[in-house]
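Chains, contacts and geometry: an overview
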Amino acid sequence: MSTHLAAVSLAKGESFTIQPRLTPKPGPGELLIAVKSIALNPADTQMRNHGLFIPTYPTVIGFDIAGLVLEVGENVPVSRTDGLETPGLFFQAGITRVAAYCVTVWKSCDPNYGAFQEKCLVPWQHAVPLPDEGISWNEAATLPVAVQVPLSAWDALGIPRVGEAVDQVSADANDGSQQNVRKKKREALLIWGASSSVGTMGVQTARVQREDRGSSIGAVYATASAKNHGYVRSLGADRVFDYKDPQVVNAIVSAARTEGLVIRHCFLATGEISLCQAVLKAFLRDEQGEQKAEARIASAPVIPPDTKIVEGVETIFVTPSMENEERRLTQFRYWIGTWLRENLGNGNIRPSPEPRVVGKGVEAINVGLDELTKGVSCVKLVVEIAG
């Protein structure tokens, strides 16, 4: 049997050991991917250093990859006519370039499904075929987690997916006039920590929501450090605020009220939940002090157990379905196979933030995670995998 190299986690808190592993065969619904680039995520450091999500050792972890499909299992769409519900979503061995979100966590950290190796297994619903040109392996590797998290957040917040609210708006507008449509767009969607990886894509996905005719989103607000304001604006934010400003909450609330907008939904990519709560709380009550609405925060970081409860403001930890595999695969088929494929193909989004290569080969993964642990801003650390 053929073998490949992997960065293997032998115990909690230890650096990975480079070892050969037997290359697995894909089962039903699976792809075998030759990994070309790996993007690193904060969760990777938590798993390596603290054993987050890992029930047994040894294992191989990691989430974000780009690579070439080597083999396809049974029940994988291999031609344009196979995926009738998602036309054009198909995979061909030796031909199809993909970006993919690995499923190690959902497979009890079975090492065959971890990203940190030269070859791994991925369910086809977790993969997106890449355009033939215009995107490198390194850029593609930055996409899966960064896209999935904010799209999962919008679902958790109850924000209709693009296109799903059009019929209701048309029915409400009656005459379909642009004036009536604009009246519906009274909400500012807030992304806190917009220069992080999932934050930058949060801005881009929010912009797509804002541009949807049926959406209630009229503006995209974001927070970031001052040095990254220009970049965040280039991704589609209408207003960017400095989260280090002691008056940042007042500045956001004042801007929204001046523009006749309300803020009832926030995506916390990184930062302090309490500041998000303070912004949303300002829009819960009318002039008489009566509560007239509820608000929600979708948090990418795990919610600390000592988080203060604010009446009327719900905080939700963003995660795909952990219990129901069929539901998870359906979610990813939309997030990755439909939304990402369509919006990447038509140029609505671009990989963000810029990738920075920290080394080549699986032996560079430890170095990259050490750097990530120290903290990075507005950059995505990537490891290039040879072969």
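Going by the structure above, here's the rest.
Residues numbered from 1 in each chain as written. Predicted model: local features only at pLDDT ≥ 70, side-chain atom pairs only at ≥ 80, totals over all residues. Heavy atoms only, no water.

A tally of helices and strands in the protein yields 11 helices and 15 strands. For a compact globule of 387 residues, the expected C-alpha radius of gyration is about 21 Å, and the protein comes in at 21 Å, within 12% of that figure. Sorting the 387 residues of the protein into buried and exposed places 55% on the buried side. By element, 49% of the accessible surface of the protein is carried by carbon and sulfur atoms, the whole surface being about 16700 Å². Between the mean site of the 38 positive side-chain charges and the mean site of the 42 negative ones, the protein shows a separation of 4 Å. (Helix = DSSP H or I, 4+ residues; strand = E, 2+ residues; numbered from the N terminus. Rg over C-alpha atoms; globule rule 2.2 N^0.38 Å. Buried < 20%, exposed > 50% of the residue type's maximum accessible area, 1.4 Å probe, protein only. Areas by Shrake-Rupley, 256 points an atom, 1.4 Å probe, with all protein chains shown as cover. Lys, Arg positive; Asp, Glu negative; His and termini not counted. Charge placed at Lys NZ, Arg CZ, Asp CG, Glu CD.)

This part covers the packing of aromatic side chains. Evaluated as defined, the whole model comprises nine aromatic pairs. The interplanar angle of 55° and the centroid separation of 5.8 Å between the aromatic rings of tyrosine 101 and tryptophan 106 together place this pair among those described as tilted. On the basis of relative accessibility, which here comes to 7%, the residue tyrosine 101 falls in the buried class. Following the ring pairs from residue to residue traces out a cluster consisting of Phe63, Tyr101, Trp106, Phe332 and Trp335. Over the ring of tryptophan 137 we find arginine 97, and its NZ or CZ is 4.5 Å from the ring centre. Of note, lysine 107 hangs over the ring of tyrosine 113, and the distance from its end group to the ring centre comes to 5.2 Å. (Phe/Tyr/Trp six-rings, centres within 6.5 Å; stacked < 30°, edge-to-face > 60°. Lys NZ or Arg CZ within 6 Å of the ring centre and 35° of its normal.)

Looking now at the packing of helix H8 (residues 248–258) against helix H9 (residues 273–281). At their nearest, the axes of H8 and H9 sit 9 Å apart, and the two run at 30° to each other. Regarding H8 and H9, the two cross each other, and that crossing is right-handed. Of H9, the residues touching H8 (which contributes Val249, Ile252 and Val253) are Leu275, Ala278 and Val279. Looking at side-chain class alone, the contact of H8 with H9 contains six nonpolar, no polar and no charged residues. (Axes fitted to C-alpha atoms, helices over the stretch in contact; angles between N-to-C directions. Left-handed = near helix turned anticlockwise from the far one by under 90°. Contact = heavy atoms within 4.5 Å. Nonpolar A, V, L, I, M, F, W, Y, C, P; charged D, E, K, R; others polar.)

The next thing to look at is the packing of helix H3 (residues 143–157) against helix H6 (residues 197–211). It is at 8 Å that the axes of H3 and H6 come closest, and there the two elements cross at 55°. Of the possible angle classes, the one that applies to H3 and H6 is oblique. Here H3 and H6 pass one another in a crossing that is right-handed. Within the contact between the two elements, H3 uses Leu143, Val145, Ala146, Val147, Val149, Pro150, Leu151 and Trp154 and H6 uses Ser197, Val198, Met201, Gly202, Thr205, Ala206 and Gln209. Taken together, the residues of the contact of H3 with H6 sort by class into 11 nonpolar, four polar and no charged. (Parallel < 35°, antiparallel > 145°, perpendicular 65-115°, else oblique.)

On to the pairing of strand S10 (residues 239–242), then. Pairing of strand S9 (residues 217–224) with S10 involves four bridges; the strand directions are parallel. Each residue of the ladder has a partner; that of threonine 223, found in S10, is phenylalanine 241. Taking the sense of rotation as the criterion, the β-α-β connection linking S9, helix H7 (residues 229–235) and S10 turns out right-handed. (Pairing = 2+ DSSP bridges. Right-handed = clockwise from strand over helix to strand, strands pointing away.)

Glancing now at the environment of threonine 200. Turning to its location among the elements, threonine 200 is positioned in helix H6. Considered as a pair, threonine 200 and proline 150 are 50 residues apart in the sequence and their alpha carbons are 9.6 Å apart. Leaving out residues up to four positions away in the same chain, threonine 200 has contacts with Ala194, Ser195, Tyr231, Leu235, Ser352 and Pro353.

Spatial ordering of the open sheet is given by S10-S9-S8-S11-S12-S13, a layout of six strands whose pairing is parallel. Only two strands of the sheet have a single neighbouring strand rather than two, namely S10 and strand S13 (313–317). Pairwise comparison of adjacent strand axes, ignoring direction, gives a mean angle of 20° for this sheet. With respect to the sheet, H8 is in contact with strand S8 (187–192), S9 and S10, its orientation differing from that of S10 by roughly 160°.

Quick look at the pattern of salt bridges now. Applying the stated rule across the entire model yields 13 salt bridges. Notably, a salt bridge pairs glutamate 325 with lysine 107, separated by 3.8 Å at the nearest N-O pair. With glutamate 325 in helix H10 (residues 325–345) and lysine 107 in the loop between strand S5 (97–101) and strand S6 (119–123), this pair connects stretches of sequence that are 218 residues apart. We classify glutamate 325 as partly exposed; its relative accessible area is 42%. The class for lysine 107 is partly exposed, based on a relative accessible area of 28%. Note that arginine 239 is salt-bridged to glutamate 259, the shortest N-O span being 2.7 Å. Of this pair, arginine 239 sits in strand S10 while glutamate 259 sits in the loop between H8 and strand S11 (265–268), placing them 20 residues apart in sequence. For glutamate 259, a relative accessible area of 38% translates into the label partly exposed. (Salt bridge = Lys/Arg side-chain N within 4 Å of Asp/Glu carboxyl O.)

Our focus in this paragraph is helix H11 (residues 365–374). Of the residues making up H11, those classed as buried are Ile365, Asn366, Gly368, Leu369 and Leu372. One face of H11 carries all of its buried residues, which in axial projection span an arc of 160°. Next to the buried residues of H11 lie strand S1 (3–8), strand S3 (30–39), helix H1 (42–50), strand S14 (355–360) and strand S15 (380–384). Positive phi shows up at glycine 375, right after H11, with a value of about 105°. (Arc of directions from axis to C-beta.)

Moving on, we get to the nonpolar core. Core analysis: the biggest nonpolar cluster contains 93 residues, and Ile65, Phe116, Trp154 and Ile365 have the highest contact counts within it. The dominant element in this core, judged by the number of residues it contributes, is H3, at nine residues. Ignoring any residue separated from it by four or fewer positions in sequence, one finds isoleucine 365 in contact with Ala7, Phe16, Ile38, Leu40, Phe116 and Val383. (Core = buried A, V, L, I, M, F, W, Y, C linked by side-chain atoms within 4.5 Å.)

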